[in-house]
Amino acid sequence: MSSRYSLLSFDKMSEVDVREDVLVPLLTDLGYKKGTQYDIQREVTLRYPYISLGRRKEGRDPVLRGRADYVLKVNDKFSWVLEAKSPEIDLEINEAEQAWTYASHPEVRAAYFVLCNGRILKIFDSFAAPESREILSVNYEDLEMRFLEIANILAPFAIERQIALRDEIRGVPLGPGLGSIAQIKSGLVHYYELDRPEVIKSDVQTIILGGTVQRDALGMVVVHLETQAPLPGMQAVNDRIGFEGVTLYSNAKSLPSCPGEELELYGATTFTLPAGESIPLPWSASPFYLPRAFSCTMNYRALGSLDGTKFKGRWKGELVLDDAKSSCTNFEGDFFVFLT
């Protein structure tokens, strides 16, 4: 690796400057070069399906197109997507969603998407939901020191290793009676223990509307759940902040079905509740209005196993606020989902 990552002043840099002064050297050091087996494709235009409300009107509904800044290929296979932003843009959910749509496009299906505004570089798993936490985040001043961490995910040798693993497990069932990808038809999380004794426990449950079970780029099981909150007021809050579901990760390649075996799943979701937001309370007829904005993290842990095509087990969670030294709400229960 070259020592080309000298300190830069990002105050007057544009997105074009980020591409030329940060990303071009990085891609070169990773081993990518236009026209080689480790190819760089720039400004890749992707077309998306028509969007319409109700009945489609041919010729009148808008065609959606997106343009990925960089799509990297290893041995003629799309591997990851790189989006450049100007230093003044924070790399938040909108930017992640944009890059995720490129990486998840049927013509691309890249394993990773990467965001960089010069100041910071973030690597995400494309098989997870776009709001999921990045798998690696590196500040520009640490780029040279932490280059090997980046290379171990994005360099051609790492991608080749990942492709070989993916090809090895492609088509391997997740469990008896299942394919290599399973759809979640429905399910439920029922909470039987909370740290608020005034809660009517029988009324507190999360409905699972759907989702998927598949493997990530390293072949490990990933579960994405589309959920509905226990109370209409809670769901209204979720809708306002854009919270649609939960992504859970594991260190296993399949769903266990033998007695005594369990799969551990874990995940976390971070979101911000704005000042003045009304929070419904299960134990009160009146909502609680937040006096200020709160950054919140919801941590999840599940242990489960297959029973036919029903995946079931125990569910734990905790809610942590930005100014709390420990969790402010804990909850436990059981869950089940029906797979197809």
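Structural notes, computed from the coordinates.

Next up on the list: the pattern of salt bridges. Applying the stated criterion across every chain, the model contains 9 salt bridges. With a closest N to O distance of 3.6 Å, arginine 119 and aspartate 11 form a salt bridge. Of this pair, arginine 119 sits in the loop between β4 (112-116) and β5 (120-125) while aspartate 11 sits in the segment before α1 (15-30); the two residues are 108 residues apart in sequence, bridging distant segments of the chain. Taking relative accessible area as the criterion, arginine 119 reaches 36% and is therefore assigned partly exposed. A salt bridge links lysine 312 to aspartate 307, with the shortest nitrogen-to-oxygen separation between them at 3.3 Å. Relative accessible area serves as the criterion here: at 43%, aspartate 307 is assigned to the partly exposed category.

Further remarks concern a negative patch on the surface. A surface patch of negative charge is lined by Glu97, Glu131, Glu226, Asp239 and Glu244. Among the secondary structure elements, glutamate 131 is positioned in the loop between β5 and β6 (136-139). The exposure class assigned to glutamate 131 is partly exposed, which follows from its relative accessible area of 32%.

Inspection of the secondary structure assignment puts aspartate 17 in helix α1. Separated by 69 residues in the primary sequence, aspartate 17 and serine 86 have C-alpha atoms spaced 8.1 Å apart.

Let us look at empty space enclosed by the protein. Tallied over the entire structure, the rule returns 3 cavities of 30 Å³ or more. Every element with two or more residues in the lining of the largest cavity is listed here: β8 (205-215), β9 (221-228), β15 (310-321) and β16 (329-339). Split by residue class, the lining of the largest cavity holds 13 nonpolar, no polar and no charged. Contributing to the lining of the second largest cavity are Glu131, Ser132, Gly245, Thr247, Tyr249, Ala268 and Thr269. For the lining of the second largest cavity, the secondary-structure elements that each account for two or more residues are β10 (245-249) and β11 (263-273).

Rules of the game
- Residues numbered from 1 in each chain as written.
- Predicted model: local features only at pLDDT ≥ 70, side-chain atom pairs only at ≥ 80, totals over all residues.
- Heavy atoms only, no water.
- Salt bridge = Lys/Arg side-chain N within 4 Å of Asp/Glu carboxyl O.
- Helix = DSSP H or I, 4+ residues; strand = E, 2+ residues; numbered from the N terminus.
- Buried < 20%, exposed > 50% of the residue type's maximum accessible area, 1.4 Å probe, protein only.
- Patch = residues over 30% accessible without salt bridge, like charges linked within 9 Å, V, L, I, M, F, W, Y side chains within 5 Å.
- Areas by Shrake-Rupley, 256 points an atom, 1.4 Å probe, with all protein chains shown as cover.
- Lys, Arg positive; Asp, Glu negative; His and termini not counted.
- Charge placed at Lys NZ, Arg CZ, Asp CG, Glu CD.
- 1 Å grid on protein atoms, 1.4 Å probe; cavity = no way out; pocket = protein on both sides within 12 Å on 5 of 7 lines; lining within 4 Å.
- Points joined across faces, edges and corners; volume = space filled by probe spheres on them.
- Nonpolar A, V, L, I, M, F, W, Y, C, P; charged D, E, K, R; others polar.

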